[in-house]
Amino acid sequence: MDNEVSMTPPAPTPSRALATEAVHAGRDDLASLGLHAPPLDLSTTYPSYDSRGEAERIDAFATTGARPDGPPVYARLDNPTTARFETALARLEGTDSAVAFASGMAALTAVLLARASMGLRHVVAVRPLYGCSDHLLGAGLLGTEVTWTDPAGIADAIRPDTGLVMVETPANPTLAEIDIRAVAHSCGSVPLLVDNTFATPVLQRPVEHGARIVLHSATKYLGGHGDVMGGVVACDEEFAARLRQVRFATGGVLHPLAGYLLLRGLSTLPVRVRAASASAAELSRRLTADPRIARVHYPEIGGAMVSFEVYGDPHAVIAGVRLITPAVSLGSVDSLIQHPASISHRIVDEGDRQASGVGDRLLRMSVGLEDVEDLWADLCQALSEGPVPRARTAERAARPSAEPPSARPSHPAAAPHASVPSHSSAPSHSSVAR
């Protein structure tokens, strides 16, 4: 069918609201093709009786990294279903293009390799980052060199061979925030990469604040149901072409079924994120007032992630939940809770972990779509497992309030940002799961 071989994204449409884009982007041509649901193309290869013409198209891709005109060539080069997801995500993030990969780490690897291929192997990064991102940067596995700094030190850390500045905001797992516009100004001509996994384009679009590369672990909110793994980079077309060349050479391709599920996930992304964020904000208010909680972390931008430090045993809370799922990952329709010091950041040296705000009593919760009263009841009974320490009234009165704003901006460009505290500049190690 013609609809399954066209690799050219549809022409841009007039500016539309984010919720509308989420439903229609990547699907604009379906009605003209006589279709309602996007087709799923599982082909690994595509027939061609013109071998000379096929060779010319492959040579052109090798030279430019641009999607070939006409029918697909080979699934490692591109896939029509995956292309629809890429088109949709680029529209949501406000970029020219997007390139999808088998996982978020495959996506970050491709970015680093693309910059290194230009002789730009140095990276400036701000902690905290997702543990595996931290490890990939610091371990030298790709021949990269990293300088860890706080936001105020970015400009001084940049060198002639710096190819990238990387931040994550809100950060995993402390939910610390960075002023993207201020950091982008400090970067000068060096591209700023923002890991936007936690916020999603529903809450912020980093390119509107000066970032040039946006990274997602699509496994999380973009998929949204805990049943698909993927990664994606949103950027301009020039850099996207380089990423496609890296993807073709290294094979970190997104399976078309995953592309199909991710495209479907985008259609409900705004509804899911806003509903879960409302529950997370309410839970953060209640946790802030609970005498069993030492501190609550909830970002100014809002969102569906809440982190909190307990006075009691965090492992007893993990063992005590019944409705909330004790598991790694985040962004699913069901709520998840995990202990970062044991799981997502367990291999980080204790000193570095503590300096980044990842204490031994910190718990991270991904709030899903359950009723907030049911979630609160489950948290309350889990927090009551074992001895409950007496409330430290004076200490609680002295710590900063985590009360979230009563209302959140509906348009991502209007979302506020807060400065992140300085973090340790010492390197970290690998973690095993987000």
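The model shown is predicted, which means the values in this text are computed figures rather than measured ones. (Residues numbered from 1 in each chain as written. Predicted model: local features only at pLDDT ≥ 70, side-chain atom pairs only at ≥ 80, totals over all residues. Heavy atoms only, no water.)

J.: What is the right way to look at the overall build of the chain in this model?
T.: Broken down by element type, the chain carries 15 helices and twelve strands. Counting the 434 residues in the chain, one finds 56% classified as buried. Looking at the chain as shown, the accessible area adds up to about 17300 Å², and 55% of this sits on carbon and sulfur atoms. (Helix = DSSP H or I, 4+ residues; strand = E, 2+ residues; numbered from the N terminus. Buried < 20%, exposed > 50% of the residue type's maximum accessible area, 1.4 Å probe, protein only. Areas by Shrake-Rupley, 256 points an atom, 1.4 Å probe, with all protein chains shown as cover.)

J.: Any chance you could explain unusual backbone geometry here in plain terms?
T.: If a residue is not glycine, its phi is most likely negative; likewise, a peptide bond is most likely trans. The omega torsion across Arg127 and Pro128 is 0°, close enough to zero to call that bond cis. Looking at the element boundaries, Pro128 is found in the loop between strand S2 (122-126) and helix H5 (131-138). The omega torsion of the bond from Asn172 to Pro173 falls at 5°, within 30 degrees of zero and hence cis. The phi dihedral of Leu175 falls on the positive side, at around 65°, and the residue is not glycine. Residue position: Leu175 is located in the loop between strand S4 (162-168) and helix H7 (180-187). The phi torsion at Ser329 lies on the positive side, around 80°, for a residue other than glycine. Among the secondary structure elements, Ser329 is positioned in the loop between strand S10 (325-326) and strand S11 (336-338). Accessibility expressed as a relative area gives 22% for Ser329, which makes it partly exposed.

J.: Would you mind going over the packing of aromatic side chains with me for this structure?
T.: Think of a pair of aromatic rings as described by two things: how far the centres are apart, and how the planes are tilted against each other in angle. Tallied over the entire structure, the rule returns one aromatic pair. Note on Phe61 and Phe248: the rings are 5.7 Å apart at their centroids and 80° apart in plane angle, and the pair reads as edge-to-face. Of the two residues, Phe61 sits in helix H2 (residues 51-64) while Phe248 sits in helix H9 (residues 237-250), which places them 187 residues apart along the sequence. Since its relative accessible area comes to 26%, Phe248 is described here as partly exposed. Between the NZ or CZ atom of Arg247 and the centre of the ring of Phe101, over which it lies, the distance is 6.0 Å. (Phe/Tyr/Trp six-rings, centres within 6.5 Å; stacked < 30°, edge-to-face > 60°. Lys NZ or Arg CZ within 6 Å of the ring centre and 35° of its normal.)

Structural measurements only, silent on function.
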